[in-house]
Amino acid sequence: MSNRIDYAKASPAGYKAFGGVYVHLLNSSLEKELVNLVYLRVSHINGCAFCIDMHSRDLLKLGVTVDKLVLVPVWRDAGALFSARECAALAWAETVTRVAETNIPDADYQAAKAVFRDKDLADLTYAISLINVFNRLSIAFRTPPAAAVKAENAA
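Residues numbered from 1 in each chain as written. Predicted model: local features only at pLDDT ≥ 70, side-chain atom pairs only at ≥ 80, totals over all residues. Heavy atoms only, no water.

Examining the environment of Thr97
And then number 1: By the element assignment, Thr97 lies in helix α6 (residues 84-97).
And then number 2: When the C-alpha positions of Thr97 and Gly47 are compared, they lie 12 Å apart, and in sequence the two are 50 residues distant.
And then number 3: Ignoring anything within four residues of it in the chain, the contact list for Thr97 reads Val42, Ile45, Asn46, Ile128 and Asn132.
And then number 4: Of the polar contacts made by the side chain of Thr97, one reaches the backbone oxygen of Ala93; its length is 2.7 Å. (Helix = DSSP H or I, 4+ residues; strand = E, 2+ residues; numbered from the N terminus. Contact = heavy atoms within 4.5 Å. Polar contact = N/O pair within 3.5 Å; in protein donor to acceptor, adjacent residues only side chain to side chain.)

Section: the packing of helix α4 (residues 49-61) against helix α9 (residues 118-140)
And then number 1: The contact between α4 and α9 brings their axes to 8 Å, and the two run at 125°. On the basis of the axis angle, α4 is oblique to α9. When α4 is examined against α9, the residues Phe50, Cys51 and His55 are found in contact with a partner set consisting of Ile131, Phe134, Asn135 and Ser138. (Axes fitted to C-alpha atoms, helices over the stretch in contact; angles between N-to-C directions. Parallel < 35°, antiparallel > 145°, perpendicular 65-115°, else oblique.)

Quick notes on the packing of aromatic side chains
And then number 1: Inspection of the entire model under this criterion finds 5 aromatic pairs.
And then number 2: Plain terms: the ring middles of Tyr15 and Phe134 are 6.0 Å apart, the flat faces sit at 75° to each other, and that makes the pair edge-to-face. Of this pair, Tyr15 sits in helix α2 (residues 12-26) while Phe134 sits in helix α9, and the two are 119 residues apart along the sequence.
And then number 3: The partly exposed category is assigned to Tyr15, whose relative accessible area is 41%.
And then number 4: Residue Phe134 is classed as buried on the basis of its relative accessible area of 14%.
And then number 5: Between Phe18 and Phe134, the ring centres sit 5.9 Å apart and the planes meet at 65°, which makes this aromatic pair edge-to-face. In this pair, Phe18 is assigned in helix α2 and Phe134 in helix α9, connecting sequence segments 116 residues apart.
And then number 6: Ring-pair connections join several aromatic residues into one group, and the members of that group are Tyr7, Tyr15, Phe18, Phe134 and Phe141. (Phe/Tyr/Trp six-rings, centres within 6.5 Å; stacked < 30°, edge-to-face > 60°. Buried < 20%, exposed > 50% of the residue type's maximum accessible area, 1.4 Å probe, protein only.)

Bear in mind that shape data such as this cannot, by itself, settle questions of function.
Next up, the structure:
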């Protein structure tokens, strides 16, 4: 994978604007682990190697077990490994990310609304939207994952 441009350097004001949303989310009442699980799941759906690498590492730093980490793509089949709140967030992340396919049915909204307060649901949707943006930027500009850069430098 070759890096095309560094979008953050090419347009720092745009990057800073998205950074403002990121900071808002860090200060929200959403749990950091939950947000990072959502970031990881959305990145799986979109096939963003850079973000999968980054958010897997972030989750490990937060103390998430490898057992849980590797089952994020199949969270529905992971039994009690994911809490009801995490399952609701992951389901909402999937339907919002696949909006062109799902049109976000009322049943999906009601399921998320049953678990999250209005502010938390709005913030969760900001998080889902933000990672979708960063996935698209990283894929469009071929931002290499840290693991690939490390392997290339070691070679």
